[in-house]
Amino acid sequence: MHSTSIPPGLKYCFLLGFIISFLNTATGQEQDWALKKSEDGILVYFRKSVDSKINELKIETTVDASIVSVVALMRDVPAYPDWVMNCKMAEKIEACPENTNCYYSQVDFPWPLSDRDFFARNQLKQDPQTMVVVSKLTADPDFLPEQKGFVRIPKMEITWILTPIAPDQVKIDYHLISDPGGKLPSWLINLAIDKGPVTSIKRFKEMVQRKQYQEAVVPNIRNISETTRYYTEEEK
């Protein structure tokens with residue numbers, strides 16, 4: 001039997017191919033969430049993004065309100081400046097696909113930075129069995145012409161998962177992937193990436209207690225019954 005030797009050059013190609021394959025697999029995997037802080041019943045997590053230097057953000061909390069009340073506030077676009085931090089204005093756009101909520105918003109940035117604006121599409125659905133509501137918001141930077149004096153936010157993806165725990169209690173899972181645009185360094189964005197969302201969530205939990213939301217009726221969204229209680233994954 002003759003032994004077959006692999007030429008040195010071919011060995012190098014095999015080794016290089018293995019290293020590239022390993023790096024592609026490693027960098028393409030989502031990293032685990034790391035707890036950044038816990039305050040006022042709000043858990044804040046972050047993780048490195050697969051395709052950006054800006055971290056992803058996750059917030060978990062519970063709100064003492066029905067799922068209909070929570071959705072009613074989320075759909076009240078003109079009221080966004082009352083709870084979304086630094087939101088200057090939010091205007092609903094009627095020319096939007098069916099089952100989609102579209103709006104334009106302007107965001108106040110501290111001097112000397114330019115204010116931001118964005119156009120977003122939001123789809124919200126409730127599972128008829130679990131009664132869980134999933135809201136997915138995506139920014140569309142090319143939908144409207146850029147406005148003078150504003151930097152258009154190029155990327156923003158926000159997912160809300162609303163899980164009813166009791167008729168008057170909802171668990172909120174909030175996930176943010178964003179890029180505010182401009183020339184801000186990623187390290188500076190990551191340093192304060194949770195400030196706005198955490199402040200907004202706190203205001204949201206307070207505002208949802210208003211009578212107009214507590215008594216709201218939202219088409220195609222139902223509350224769970226008094227005899228039903230759903231459990232979070234941690235409680236199962």
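Residues numbered from 1 in each chain as written. Predicted model: local features only at pLDDT ≥ 70, side-chain atom pairs only at ≥ 80, totals over all residues. Heavy atoms only, no water.

1. Here's the deal with the pattern of salt bridges
- Tallying each qualifying case throughout the model produces twelve salt bridges.
- For Lys36, the salt bridge goes to Asp194, with nearest N and O atoms at 2.6 Å. Here Lys36, found in strand β1 (residues 34-39), pairs with Asp194, found in the loop between α3 (186-191) and α4 (195-207); they are 158 residues apart in sequence, far enough to count as distant.
- For Asp194, a relative accessible area of 4% gives the class buried.
- Across the salt bridge formed by Lys58 and Glu60, the nearest N and O atoms sit 3.5 Å from each other.
- Connected via shared salt-bridge partners are Lys36, Lys37, Glu39, Asp40, Asp194 and Lys202. (Salt bridge = Lys/Arg side-chain N within 4 Å of Asp/Glu carboxyl O. Helix = DSSP H or I, 4+ residues; strand = E, 2+ residues; numbered from the N terminus. Buried < 20%, exposed > 50% of the residue type's maximum accessible area, 1.4 Å probe, protein only.)

2. Side note on the confidence of the model for the protein
- Per-residue confidence for the protein averages 86 on the pLDDT scale, and 83% of its residues sit at or above 70.
- For the protein, the element scoring lowest by mean pLDDT is helix α1 (residues 8-27), at 44; strand β3 (residues 56-63) scores highest, at 98.
- Between residues 10-28, whose pLDDT stays under 50, and residues either more than four places distant or in other chains, the model counts four contacts. (pLDDT = per-residue confidence, 0-100. Contact = heavy atoms within 4.5 Å.)

3. Remarks on a nonpolar patch on the surface
- There is a patch of nonpolar side chains on the surface, built from Trp187, Leu188 and Leu191 and spanning about 360 Å² of accessible area.
- One can find Leu188 in helix α3. (Patch = residues over 30% accessible without salt bridge, like charges linked within 9 Å, V, L, I, M, F, W, Y side chains within 5 Å. Areas by Shrake-Rupley, 256 points an atom, 1.4 Å probe, with all protein chains shown as cover.)

4. Some remarks on the layout of surface pockets
- Approximately 1,100 Å³ is the volume attributed to the largest pocket.
- Considering the residues around the largest pocket, the lining is formed by 37 residues, among which Met85, Val107, Phe109, Gly196 and Pro197 are closest to the centre.
- Take the lining of the largest pocket: its biggest share by element is five residues, from α4.
- Grouping the constituent residues of the lining of the largest pocket by class yields 27 nonpolar, seven polar and three charged. (1 Å grid on protein atoms, 1.4 Å probe; cavity = no way out; pocket = protein on both sides within 12 Å on 5 of 7 lines; lining within 4 Å. Points joined across faces, edges and corners; volume = space filled by probe spheres on them. Nonpolar A, V, L, I, M, F, W, Y, C, P; charged D, E, K, R; others polar.)

5. A short note on the environment of Glu39
- Looking at where Glu39 falls in the secondary structure, it is placed in strand β1.
- Its relative accessible area of 25% is what places Glu39 among the partly exposed residues.
- On a C-alpha basis, the gap between Glu39 and Thr61 in space is 10.0 Å, while along the polypeptide they are 22 residues apart.
- The contact partners of Glu39, leaving out residues within four places of it in the chain, are Val198 and Lys202.
- Separated by 2.5 Å, the side chains of Glu39 and Lys202 make a polar contact. (Polar contact = N/O pair within 3.5 Å; in protein donor to acceptor, adjacent residues only side chain to side chain.)

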